[in-house]
Amino acid sequence: GTVDVVSVVRADNPGVVTDIARVPHLEGFTSTGAVSPDGTQVALVTVDAGSATRPGASLIFVNLETGQLFRGAIDVEPMQTPIWEPDGGAAVVTRATPAGIDVLSVTLSAEESLLSSHTGVLGVYPLGFDPDGALLQVVIDGRGSTVQKAGSDYVHLGAFITRDWALSSDRSQLAYIEVNTEGGLAYLARTAALGGAANVQAQALALDLSALGVAWNPTSGTAEYGVEPQAGVAIQALSAGAAAAFGFDVPLAYSEDGEVLAVTHWSGESFEDPGESKIVLVTDEGRSAIGGGARFLGWSAR
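My aim in this report is to walk through the structure given alongside it, one point at a time. (Residues numbered from 1 in each chain as written. Predicted model: local features only at pLDDT ≥ 70, side-chain atom pairs only at ≥ 80, totals over all residues. Heavy atoms only, no water.)

## Regarding the sheet that holds strand 5 (residues 55-63)
At step 1: In spatial order, the strands read 3-4-5-6; together these 4 strands make up an open sheet with antiparallel pairing. The strands lining the two open edges of the sheet, one partner per strand, are strand 3 (32-35) and strand 6 (69-76). Within this sheet the neighbouring strands show an average axis-to-axis angle of 25°, counted without direction.
At step 2: Sheet topology places strand 5 next to strand 6; 6 bridges connect them, and they run antiparallel. (Pairing = 2+ DSSP bridges. Helix = DSSP H or I, 4+ residues; strand = E, 2+ residues; numbered from the N terminus. Axes fitted to C-alpha atoms, helices over the stretch in contact; angles between N-to-C directions.)

## Examining the pattern of salt bridges
When the charged atoms of two side chains lie near each other, side chains of opposite charge can form a pair.
At step 1: Using the criterion set out here, one finds 9 salt bridges in the structure.
At step 2: Between K149 and D130 there is a salt bridge, with the nearest N and O atoms lying 3.0 Å from each other. Within this pair, whereas K149 is found in strand 13 (residues 144-149), its partner D130 is found in the loop between strand 11 (123-129) and strand 12 (135-141), the two being separated by 19 residues in sequence.
At step 3: Using a relative accessible area of 9% as the deciding quantity, one classes D130 as buried. (Salt bridge = Lys/Arg side-chain N within 4 Å of Asp/Glu carboxyl O. Buried < 20%, exposed > 50% of the residue type's maximum accessible area, 1.4 Å probe, protein only.)

## Some details on the sheet that holds strand 24 (residues 287-289)
At step 1: The strand order across the open sheet formed by 4 strands is 21-22-23-24, and the pairing between neighbours is antiparallel. Edge positions in the sheet fall to strand 21 (248-254) and strand 24, since each has one partner strand and no second. Within this sheet the neighbouring strands show an average axis-to-axis angle of 30°, counted without direction.
At step 2: Pairing of strand 23 (residues 277-282) with strand 24, which is carried by 3 bridges, proceeds in the antiparallel orientation. In the sheet register, V280 faces strand 24, and the bridge partner there is A289.

## What about the side chain of R95?
At step 1: Looking at the secondary structure, you find R95 in strand 8 (residues 90-96).
At step 2: A distance of 3.3 Å separates a polar atom in the side chain of R95 from the backbone oxygen of D75.
At step 3: Beyond its immediate stretch of four places on either side in the chain, R95 contacts A73, I74, D75, V76, E77, G100, I101, D102, L104 and E112. (Polar contact = N/O pair within 3.5 Å; in protein donor to acceptor, adjacent residues only side chain to side chain. Contact = heavy atoms within 4.5 Å.)

## Digging into the nonpolar core
One broad trend across soluble globular proteins is that nonpolar side chains are buried collectively.
At step 1: Grouped together as the largest cluster of nonpolar side chains are 16 residues, with contacts concentrated most on A43, L59, F61, V76, V93 and V106.
At step 2: Of all the elements in the fold, those that place two or more residues in this core are strand 4 (41-50), strand 5, strand 6, strand 8 and strand 9 (101-107).
At step 3: If we skip the residues at most four places from it in the chain, A43 touches T32, G33, A34, L59, I60, F61, P82, W84 and A91.
At step 4: A166, L209, A211 and Y225 belong to the second-largest nonpolar core, a separate cluster that totals 14 residues. (Core = buried A, V, L, I, M, F, W, Y, C linked by side-chain atoms within 4.5 Å.)

So this is what it looks like as structure tokens:
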């Protein structure tokens, strides 16, 4: 409808859902967002203005302890996933301008700072910050996909569009999906090392495995992908534990201790025929579906 309900579910008792806040939006849209590093806030991008053909989005901060909503910025790009600065004091979002795309830092008190501006690009997607505090982002343009660090080219990922980016916990590697159009459409699992000389071509790519979704396992330090059942790779590749009897999982994120993996489980047999979806928590002991959950935002501090 016209409202998203932000809820918290305990991993050890997923049958109990606690509603935190209700976020109004335009009919037919949904909010995207991320939990702050300390687990107490959510940064949401919500389409709350305009129309279906010309939607206008706001950055909304949701306090998970009080349920309070606060609008941090308006006119940001719809359907993006904001990222948080390491200290949790601000979120990073993008805004379309007549000239191109701006990348902004927005504090919890609605103070905006311009981080970078881009022209002639298809999209700019902030990833996170490196150990020295420099912003990492993917720029998609006529060259394909390129990781930039502090606004300068850092690692070229290749000539294709990419998606589902995830930084390793030490920020030394990037896992992602390459949307490869050589000989047809394929979604290929990839990894790239971050570091060394600037403008280097991404190396150490993963197998040409059809996959969607990435989650870094904090225990093993490896990237795990969601694969199609017919790909010949068992769904047990998601090492958090119990495999599904049918369908396939798209990983979302591990809990900080690595004991629980949140996934979107699809009932179908392939990416082309995915079936129905639900959010599931996977552990060594089994799998627990979260009733009514439509979108995973992250792990809270509760």
